[in-house]
Amino acid sequence: MSVTHSYPLKAEVKNLNFYYNLVQALKNVHLPIAEKMITALIGPSGCGKTTYLRCFNRMHDLYPGNRYEGEIILYPDRLNIISPKIDPIEVRMRISMVFQKPNPFPKTVFENVAYGLRVRGENRKNFLEEKVEKALIQSALWGEVKDRIYDLAFNLSGGQQQRLCIARALATDPEILLFDEPTSALDPTATSKIEELIMQLKKEVTILIVTHNMQQAARVSDFTAFMYLGEIIEFDKTDKVFTHPSVRLTEEYITGRFG
Amino acid sequence: MRKRTYLKLKERGIEFSLLLSALSSIFITLSIVFILLYEALGFFKDVSIWEFLTGKQWTPLFAQPKFGILPLVTGTLLVTGIAVAVALPVGLIVAIYLSEYAPFRIKEVAKPILELLAAVPTVVYGYFALLFLTPILQKFIPNLSGFNALSPGIIMGIMIIPYVSSVSEDSMKAVPMHIREGSYAMGATKFQTAFKVIIPSAFSGIAAAFIIGISRAIGETMVVAIAAGMMPNLTLNPLEPIQTLTAYIVGVSLGDVPHGTVEYKTIFAAGITLFFMTLSLNILGFWFRRKIREVY
Ligand SMILES: Nc1ncnc2c1ncn2[C@@H]1O[C@H](COP(=O)(O)OP(=O)(O)OP(=O)(O)O)[C@@H](O)[C@H]1O
Ligand SMILES: [Mg+2]
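Computed from a predicted model, the values in this text were never measured in an experiment. (Residues numbered from 1 in each chain as written. Chains lettered and ligands numbered in written order. Predicted model: local features only at pLDDT ≥ 70, side-chain atom pairs only at ≥ 80, totals over all residues. Heavy atoms only, no water.)

Colleague: In this structure, what is going on with the site of ligand 1? I would like to understand it.
Modeller: Residues and elements named next belong to chain A. In the region of ligand 1, the neighbouring residues are Y20, A25, S45, G46, C47, G48, K49, T50, T51, E181 and H212. A distance of 2.7 Å separates an oxygen atom of ligand 1 from a polar side-chain atom of K49. The side chain of H212 places a nitrogen or oxygen atom 2.6 Å from an oxygen atom of ligand 1. Protein coverage of the free-state accessible area of ligand 1, which is 640 Å², stands at 58%. With three residues, the single largest contributor to the shell around ligand 1 is helix α1 (residues 49-55). Broken down by class, the residue content of the shell around ligand 1 amounts to three nonpolar, six polar and two charged. (Near = heavy atom within 4 Å. Polar contact = N/O pair within 3.5 Å; in protein donor to acceptor, adjacent residues only side chain to side chain. Areas by Shrake-Rupley, 256 points an atom, 1.4 Å probe, with all protein chains shown as cover. Helix = DSSP H or I, 4+ residues; strand = E, 2+ residues; numbered from the N terminus. Nonpolar A, V, L, I, M, F, W, Y, C, P; charged D, E, K, R; others polar.)

Structural data, given as C-alpha cells:
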C-alpha cells in the first residue's frame, strides 16, 4: 500500500484492532491518512466505518468495556492517540468530528460555534467574535445567519444546522476533521452545499469521511478505503478504486451488486 | 343478530362506565374546590377581605380575634424558602451525579435509597427535626428557640430532595446521547458537558422538578406542625417559632371548634389561600412541561 508514498502523512493507522467488550469490530486495520487530502471510507452497513472513525477522537472511551489495540500515529509529533496514556481530551482538542445527525446545543448560533473555544477557557469577546465569524464563513453559513447570530440554533433548517456543526468543529482549528455520513439526513440541495464545502475545506484541514453514497465518495475524496467486516479490503486513489478496483468484492460493492 | 345487539350493548355499557369513572374524579376535584370556595365565602361574610389580606395578626381563637393571614403566609414562605434552599441545589447535584457521573453499580444502590427517603412517614421527619436537629443546631446558634422555622425547613428540604432529583435526572437522561457526544467531541470535560450542555438541554424538566419540589414544601404539614411551634408570627427570622397555613389547618381541625362558627370557617379561608398558592405554581409547572415537549 504505497499509494500515499508521495504525499506527506497526517496520520497513520497501524495494526488497529477494536473491541466492543468481546466483540471485535475492527481487525488489523492499516491505513495512511494523507495530509490536507480527503480520505473516504465506504462499505456495507455494519462493516465498522463508524467504529473506525470514532477511534480517531477516542469517542469509544465514553462507554465502558471498549478496547483499542494497535496504534494511530498523529504527525508531526508522532503521538499515538489511542494509547491509554494519552488523555482523550487532548486528542479531541486536535481532532474534531461532525456527526451523522446535526446535533447543535440548546444555545444561540454564536454560542454553538464558540463552544469549543469556551471549553478551552477562551472568553475574550473580540477574539470569539472573530473566530465565530471566520468559522461561519468557512462553513458557508455566514450569509444566511449573520443577522440571527443570537437566535437559538434550533431555529435553523436541518442543512443549516449541519453546517453550523461544521462551523463548530472548525472554530478550534482542528488538524483533522471527521465526518460520519454528514449528509445522510439532508436533502439533495443541502447535500451538494456540504459536499462543496468539504472540498473547499481540504485546503486547510485533513478530512476523513464515511459515506454510504458512492457518488459522494467519488466526487469529493482523493483516497478511498473499502471496508468489509471490520477489515480494509482495498485502499487506493479514489479514481482508481472507482474505475479499476483491484479486488472483486470492491467492484461488486461499488456497482451495487451487494450491500 | 341477537348476539350482535348484545355485544353492542355490552360495548356501550363498558364505554359508559369508563366515562363515568373518568367524570367522577373530575367531579370530586371540582366539588372539593366548590366546598372550599363556598365555606371561604361564608368566612368573608364575617371578615372583610381587606382585613384578611393586610392584617398583621392571626388570632382567631382569642376573645378578641384578629384575622390577618399574613403571619401564616410568611411562615409558609419562610419554611418553604429554607426547604427549597436545601432541596433544589442538593437535588440538582444528586441528579447530575446520577445521570452523568455515577457508574451503574452506584446508581443501582443510590436510587432505591433515595426512594426510601421519600417513603419515610413525615411524622418521623417532624420528630427528627424537633428532637434531633434542633438541639444540634442550638449548640451552634444559642438563641435558636426550641420551636423554630430553621430546623423543620432543613429537614423538609432533605425530605424533598428525592422528588427534585428524580424528575431532574429523568429529564437529563432524556437528553439525546448525540448531543452529549457533540460536547465531548469538542474536547469538553464531563463537568463542562454537564453544566454547559446537559443542564440547558434539560432546563424545562429541571424547572418542572423545582416547581414540584416547591409545591411539596408549601403543602407539607406534619414536619412544621411538630417542630415549628404552632405560633402565628409575622417574621422572616428563621430562629423564631412560626406557624404555616397547613399547620394551622391541622391544628384547628384537631381541636373542637364548633361547626359553623367563624373559627371553623378560618380553616377554609386558610385552605383557599394555600390552594391559590399551589395552583399558581402548578400552572407554572404545566407551562414548563409543555415547553419540554417543544424542544425535542
Ligand atoms: N456499542 C456497540 N456495542 C457492540 N457492538 C457494536 C456497537 N456499535 C457497533 N457495534 C457493532 O460493530 C460493528 C460495526 O458497526 P459500525 O457502527 O461501525 O458500522 P458502520 O459501518 O458504521 O455501519 P453503518 O453504515 O450502518 O453506519 C457492527 O457489527 C455493529 O453491530
Ligand atoms: Mg455508521
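Alright, that's what it looks like, and here's the rest.
Colleague: In this structure, what is going on with unusual backbone geometry? I would like to understand it.
Modeller: For residues other than glycine, phi is negative in most cases, and the peptide bonds are mostly trans. Residues and elements named next belong to chain A. Between Y75 and P76 the backbone carries a cis peptide bond, its omega angle lying at 5°. Mapped onto the elements of the fold, P76 is located in the loop between β4 (66-74) and β5 (79-80). Positive phi, normally seen in glycine, also occurs at N15, with a value near 55°. With respect to the secondary-structure elements, N15 resides in strand β1 (residues 9-20). The exposure class of N15 is partly exposed, given its relative accessible area of 39%. (Buried < 20%, exposed > 50% of the residue type's maximum accessible area, 1.4 Å probe, protein only.)

Colleague: Just to check I follow, could you spell out the nonpolar core for this structure?
Modeller: Within soluble globular proteins, side chains that are nonpolar generally end up buried alongside one another. One finds L16, L41, Y52 and F56 of chain A to be the most contacted residues of the largest nonpolar core, which totals 40 residues. In terms of residues, this core owes the most to one element, strand β2 (residues 23-34) of chain A, which gives six residues. Those residues in contact with L16 of chain A, other than ones at most four positions away along the chain, are L26, K27, N28, V29, Y52, C55, E69, G70, I72 and I82 of chain A. L150, M156, I161 and A228 of chain B belong to the second largest nonpolar core, which has 34 residues in total. (Core = buried A, V, L, I, M, F, W, Y, C linked by side-chain atoms within 4.5 Å. Contact = heavy atoms within 4.5 Å.)

Colleague: Is there a simple way to explain the interface of chain B and chain A in this structure?
Modeller: Quite often, the size of an interface is put as the accessible area lost when its parts meet. Taken together, the 19 residues of chain B in the interface contact 27 residues of chain A. The junction of chain B with chain A conceals about 1900 Å² of combined surface from both sides, 65% of it contributed by carbon and sulfur atoms. At the junction of chain B and chain A, the tally comes to one salt bridge. Of the charged contacts, one joins E181 of chain B and R54 of chain A as a salt bridge, the two residues approaching to 2.8 Å between their closest N and O atoms. Counting only elements with at least two residues in the side of chain B that touches chain A, the list comes to α7 (177-185) and α8 (190-201) of chain B. Ranked by residues supplied to the side of chain B that touches chain A, first place goes to α7 of chain B with eight residues. A class-by-class count of the residues in the side of chain B that touches chain A yields nine nonpolar, eight polar and two charged. (Buried area = accessible area lost by both parts, 1.4 Å probe. Salt bridge = Lys/Arg side-chain N within 4 Å of Asp/Glu carboxyl O.)

Colleague: What is the right way to read the packing of aromatic side chains from this model?
Modeller: Two measures describe an aromatic ring pair: the distance that separates the ring centres and the angle between the ring planes. Here the structure, examined in full by the defined rule, presents 20 aromatic pairs over all chains. For the ring pair F43 of chain B and F44 of chain B, a centre distance of 5.2 Å and an interplane angle of 75° mean the geometry is edge-to-face. On the basis of relative accessible area, F43 of chain B is assigned to the buried category, the value being 0%. Ring geometry for F43 of chain B and F52 of chain B: centres 5.5 Å apart, planes at 70°, overall edge-to-face. Both residues of the pair, F43 of chain B and F52 of chain B, count as buried. Here the guanidinium or amino end of R67 of chain A rests over the ring plane of Y19 of chain A, the centre of that ring lying 4.3 Å away. In this structure, R124 of chain A is placed above the aromatic ring of F127 of chain A, and the distance from its NZ or CZ to the ring centre is 4.8 Å. (Phe/Tyr/Trp six-rings, centres within 6.5 Å; stacked < 30°, edge-to-face > 60°. Lys NZ or Arg CZ within 6 Å of the ring centre and 35° of its normal.)

Colleague: Is there a simple way to explain the packing of helix α3 (residues 109-119) of chain A against helix α6 (residues 158-170) of chain A in this structure?
Modeller: Helix-helix packing is characterised by the crossing angle of the two axes and by the distance between the axes. All names here are of chain A. Between α3 and α6, whose axes approach to 6 Å, the crossing angle comes to 35°. Residues V109, N112 and V113 of α3 touch α6, and the partners they reach there are L164, A167 and R168. For the contact of α3 with α6, the class distribution of residues is four nonpolar, one polar and one charged. (Axes fitted to C-alpha atoms, helices over the stretch in contact; angles between N-to-C directions.)

Colleague: In this structure, what is going on with the environment of T250 of chain A? I would like to understand it.
Modeller: Residues and elements named next belong to chain A. Of note, T250 is situated in helix α10 (residues 248-254). By relative accessible area, T250 is classed as buried at 0%. Along the chain, T250 and A153 lie 97 residues apart, while their C-alpha atoms are 40 Å from each other. If near-sequence neighbours (up to four positions away) are discounted, T250 is found in contact with F226, I233, E234, V241 and P245. Reaching out from T250, the side chain makes a polar contact with the side chain of E234 at a distance of 2.8 Å.

Colleague: Looking at this model, I keep getting lost on the pairing of strand β7 (residues 176-180) of chain A. Mind explaining?
Modeller: Remember that side chains alternate between the two faces of the sheet whenever the strand is regular. Residues and elements named next belong to chain A. The element β7 is largely enclosed, with a buried count of five among its five residues. Burial along β7 is two-sided: I176, L178 and D180 and L177 and F179, pointing in opposite directions, are all buried. Note that strand β6 (residues 95-98) and β7 share four bridges and pair parallel. Across the sheet, residue M97 finds its bridge partner in β7, namely L178. As paired strands, β7 and strand β8 (residues 206-210) are joined by five bridges and run parallel to one another. In the sheet register, F179 faces β8, and the bridge partner there is I209. (Pairing = 2+ DSSP bridges.)

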